[in-house]
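So the chains spell out like this:
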Amino acid sequence: MAFLGVHNSITGRKWIGPNDEQHRRAEAISQITGQKPPVASVLARLAISPENVDTYLNPLIKNLLPDPKQLLDVSKAAERLIRALDHRERIVIFADYDVDGATSGAMLVSWYRFFNLEPDIYVPDRIKEGYGPNEQSMKALSSKNDLIICVDCGTMGHEALETVNEGCDVIILDHHLGSEVDPKCHTIVNPNRQVESGNLSYLCAAGVVFLSLVECGRQLKNSGKSSPNLMDYLDLVALGTVADVAPLVGANRAFVLQGLKILSKRQRLGLKVLMDKSALNSSPTSYHLGYLLGPKLNAPGRMGPADLALRLLCSESVPEANELCEQIEEYNIKRKEIENIVREEALAQIDKNQSEETITWAAGDGWNPGVVGIVASRLKDKFSKPAIVLGFNGDQGKGSGRSVAGFDLGFAIQRLQHEGLIQKGGGHKMAAGLSLTKEQLNPAMSRLCELAKKEEFMNSEAQEVLVDGVLFIGGVKIDLIEELESCGPFGSAIREPKFAFCDVSLSFTKRVGENHLKVRFSDDSGKTMDAICFRAFEGNLGQALIEHGGKKAHLIGKLDVNHWQGRKSPQLIIEDAAWPEEL
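A brief report on the enclosed structure follows. (Residues numbered from 1 in each chain as written. Predicted model: local features only at pLDDT ≥ 70, side-chain atom pairs only at ≥ 80, totals over all residues. Heavy atoms only, no water.)

**What about the nonpolar core?**
Line of reasoning, step 1. The biggest cluster of nonpolar side chains holds 126 residues, and the ones touching the most others in it are Trp111, Tyr112, Phe210, Leu297, Phe501, Phe521 and Leu555.
Line of reasoning, step 2. Per-element accounting of this core gives the leading share, nine residues, to helix H9 (residues 205-222).
Line of reasoning, step 3. Ignoring sequence-local partners within four residues, the contact set of Phe501 consists of Leu471, Phe472, Ile473, Val476, Phe521, Met529, Ala553, His554, Leu555, Leu559 and Leu572.
Line of reasoning, step 4. If you look at the next biggest cluster of nonpolar residues, it comprises 22 residues, including Phe392, Ala412, Leu416 and Leu436. (Core = buried A, V, L, I, M, F, W, Y, C linked by side-chain atoms within 4.5 Å. Buried < 20%, exposed > 50% of the residue type's maximum accessible area, 1.4 Å probe, protein only. Helix = DSSP H or I, 4+ residues; strand = E, 2+ residues; numbered from the N terminus. Contact = heavy atoms within 4.5 Å.)

Laid out in structure tokens, this is it:
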């Protein structure tokens, strides 16, 4: 049954509210624990029982932290990391160019610095070298180092790792889907190896590195030696986890919650400067990690010197951190400009021919490989189905994809490689990369659509909006928003709370920026509330609300705290709307 009778909203979606079981659980939570009904509704949707509410709202690392030894070979990796320390070896950290790679690398740099050992860092150029280890870099790095630590990459680097010089060991700390045969290396720690149980498959590389360092700390303690307080590293784990869209379940939830507390202390110089320059004056949330800090730190890896983000996270000099932040901001502006161009060209390709396909894809000559992933993410959000975007330089194409719940894109891309339909590719459930020729393009995309159809996944977000209940303007206070936030963090696998405001009048609407809409709405008692609808004019929602003609509306969205001139006020981030008189 449609929530509020909305079968076809302005954006063409059906609204779905809590089911009877959720209503019963929410009532029990509210009665037994005293939680406000909106909070109880969210907890009920998350299947939290009344007796587990307190534990859920106050997760402790010690209760949720898995034993690192659940990861195969983590003890062997820890022993080698410690041996490099004891023997003062020459170490280089080979990190991926995204935020997960940068945070993973920064943890290892910080850990070795505690012992007054300074490892080198190496981040491959996305365009010139591509993802992961390559033969040229492995030969060069192994000729002058005793240990190479690959973070957030390496699992599929079989050919490149064959070229490593004798006398240099390689440790891989990764989370990308592995093949049946591991690459040649000293140790690989990866919860997504074929031989793993899969119990920790939700970890990103930052989580894997953190657990590996926990095991290092355990071994050092058993030897009577001190080691760093790893709780101070949780700001990096939280940032890597959210930016890599890892599901916020199990240990990840505790990592992010505790990491946000560490981040709010602004202890890490590079992140402090980045937050200051980003005008982030409030306590950071998972939203800020995923949509403010993460994209900025990803920008250099997409557009310029790939090591800028890692260097910033490792910086201990205020002038250096300021200079790095300025460079990162410049590359982020450039990234936005190029991204907008590629997105518009990609959208122009996606016509009715793809409307019935299970995969959305686009390809173009000269499209910057650094932005194809984020454009794929935009297309995934817009069409609510997996998306692939590829840029070609001559006959060679590099692409990136983003998926939705229910379709393992990394596995599907690996299958294309095994079938000879692409040159190479891999990734994890929600994101993947691939390389192919123009001749391979159409057959590969056709096969990918076939694989998606066979999965028979159904992404209901394309046709539905899930709602947690109805709110009244007078009942929305800052403390309610903060209590709802405590049910998080929200992100992959744990959607943010969404509530409806019914029969409200739109007293003010104004287009702001390029595609956003500012709204003020009121109820029959005269109470008002501000709202913002981001990217409203990329679809039909913005124009419809501007041309409301005095009609009352049902609005759906998530609550947020607006900070303005030292004051805080509630606001609604609108996702959808409907006209009650048309229901």
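So much for the structure itself; the text now carries on.
**Some remarks on helix H19 (residues 478-485)**
Line of reasoning, step 1. Within H19, the full set of buried residues consists of Ile478, Leu480, Ile481 and Leu484. Angularly, the buried residues of H19 cover 165° about the axis, an arc narrow enough to put them on a single face.
Line of reasoning, step 2. Here the buried face of H19 lies against helix H2 (37-45), strand E13 (499-512), strand E16 (553-564) and strand E17 (567-578). (Arc of directions from axis to C-beta.)

**What to know about the sheet that holds strand E9 (residues 396-402)**
Line of reasoning, step 1. In spatial order, the strands read E7-E8-E9-E11-E10; together these five strands make up an open sheet with mixed pairing. Two strands close off the open sheet at either side, each with one partner strand: strand E7 (360-365) and strand E10 (424-427). For this sheet, the mean angle separating the axes of adjacent strands, direction not counted, is 15°.
Line of reasoning, step 2. Sheet analysis places strand E8 (residues 387-393) next to E9, joined by seven bridges and oriented antiparallel. Within E9, the position partnered with Val389 by the bridge is Ser400.
Line of reasoning, step 3. Lying over the sheet, helix H16 (residues 372-383) contacts E7, E8 and E9, oriented at roughly 45° with respect to E9. (Pairing = 2+ DSSP bridges. Axes fitted to C-alpha atoms, helices over the stretch in contact; angles between N-to-C directions.)

**What to know about the pairing of strand E14 (residues 516-522)**
Line of reasoning, step 1. As defined by bridge partners, E13 adjoins E14 across seven bridges and the pair is classed as antiparallel. Within E14, the residue paired with Val512 across the bridge is His516.
Line of reasoning, step 2. Here E13 folds back onto E14 in antiparallel fashion, the turn holding three residues, of which Gly513 has a positive phi close to 65°.
Line of reasoning, step 3. As paired strands, E14 and strand E15 (residues 528-533) are joined by six bridges and run antiparallel to one another. In the strand pairing of E15, Val519 is matched with Ala531.
Line of reasoning, step 4. The hairpin turn running from E14 into E15, its antiparallel successor, is five residues long, and Gly526 in that turn takes a positive phi close to 95°.

**Section: the pattern of salt bridges**
Line of reasoning, step 1. Applying the stated rule across the entire model yields 40 salt bridges.
Line of reasoning, step 2. For Asp146, the salt bridge identified is with Arg90, shortest N-O distance 3.2 Å. Remark: Arg90 occurs in the loop between helix H5 (74-86) and strand E2 (91-95) and Asp146 occurs in the loop between helix H7 (135-143) and strand E4 (147-151); sequence separation between them is 56 residues.
Line of reasoning, step 3. Owing to a relative accessible area of 18%, Asp146 belongs among the buried residues under this scheme.
Line of reasoning, step 4. Across the pair Lys568 and Glu482 runs a salt bridge, and its minimum N-O distance is 3.9 Å. Linking Lys568 in strand E17 with Glu482 in helix H19, this pair joins segments that are 86 residues apart in sequence.
Line of reasoning, step 5. Relative accessible area serves as the criterion here: at 44%, Glu482 is assigned to the partly exposed category.
Line of reasoning, step 6. Because the salt bridges share partners, they merge into one network encompassing Arg335, Glu339, Arg343, Glu344, Arg378, Arg535 and Glu538. (Salt bridge = Lys/Arg side-chain N within 4 Å of Asp/Glu carboxyl O.)

**A closer look at the side chain of Glu215**
Line of reasoning, step 1. Along the polypeptide, Glu215 turns up in helix H9.
Line of reasoning, step 2. Contact partners of Glu215, with chain neighbours within four places excluded, come to Pro68, Lys69, Val74, Ser75 and Ala78.

**Considerations on the packing of H5 against H9**
Line of reasoning, step 1. Contact pair H5 / H9: the axes reach a minimum separation of 9 Å and the direction vectors enclose 70°. Taken together, the axes of H5 and H9 lie roughly perpendicular to each other. Judged by the twist between their axes, the crossing of H5 over H9 is right-handed. Contact residues: H5 offers Val74, Ser75, Ala78, Glu79, Leu81 and Ile82, while H9 offers Leu211, Ser212, Glu215, Cys216, Gln219 and Leu220.
Line of reasoning, step 2. The residue inventory of the contact of H5 with H9, partitioned by class, reads seven nonpolar, three polar and two charged. (Parallel < 35°, antiparallel > 145°, perpendicular 65-115°, else oblique. Left-handed = near helix turned anticlockwise from the far one by under 90°. Nonpolar A, V, L, I, M, F, W, Y, C, P; charged D, E, K, R; others polar.)

**Some remarks on the packing of aromatic side chains**
Line of reasoning, step 1. Summed over the entire model, instances satisfying the criterion amount to seven aromatic pairs.
Line of reasoning, step 2. An angle of 80° between the planes, with centres 5.0 Å apart, marks the rings of Trp111 and Tyr112 as edge-to-face.
Line of reasoning, step 3. Taken together, a centroid distance of 5.0 Å and an interplanar angle of 85° make the contact between Phe114 and Phe115 edge-to-face.
Line of reasoning, step 4. For Phe115, a relative accessible area of 15% corresponds to the buried category.
Line of reasoning, step 5. One aromatic cluster in this structure is built from Trp111, Tyr112, Phe114 and Phe115.
Line of reasoning, step 6. Its end group placed over the ring of Phe508, Arg520 keeps NZ or CZ at 5.6 Å from the ring centre. (Phe/Tyr/Trp six-rings, centres within 6.5 Å; stacked < 30°, edge-to-face > 60°. Lys NZ or Arg CZ within 6 Å of the ring centre and 35° of its normal.)

**Looking at the sheet that holds strand E6 (residues 187-189)**
Line of reasoning, step 1. Pairing in this open sheet of five strands is parallel, and the strands run E3-E2-E4-E5-E6 from one edge to the other. For this open sheet the edge positions go to strand E3 (120-122) and E6, each flanked by a neighbour on one side alone. Each neighbouring strand pair of the sheet contributes to a mean axis angle of 20°, computed without reference to strand direction.
Line of reasoning, step 2. Note: strand E5 (residues 169-173) against E6, three bridges, orientation parallel. Of the residues in E6, the one forming a bridge with Ile172 is Ile188.
Line of reasoning, step 3. This element, helix H6 (residues 99-114), spans E2, E3, E4 and E5 of the sheet and lies at about 140° to E4.
Line of reasoning, step 4. Its contacts with the sheet place H9 against E4, E5 and E6, and it is angled at close to 120° to E5.

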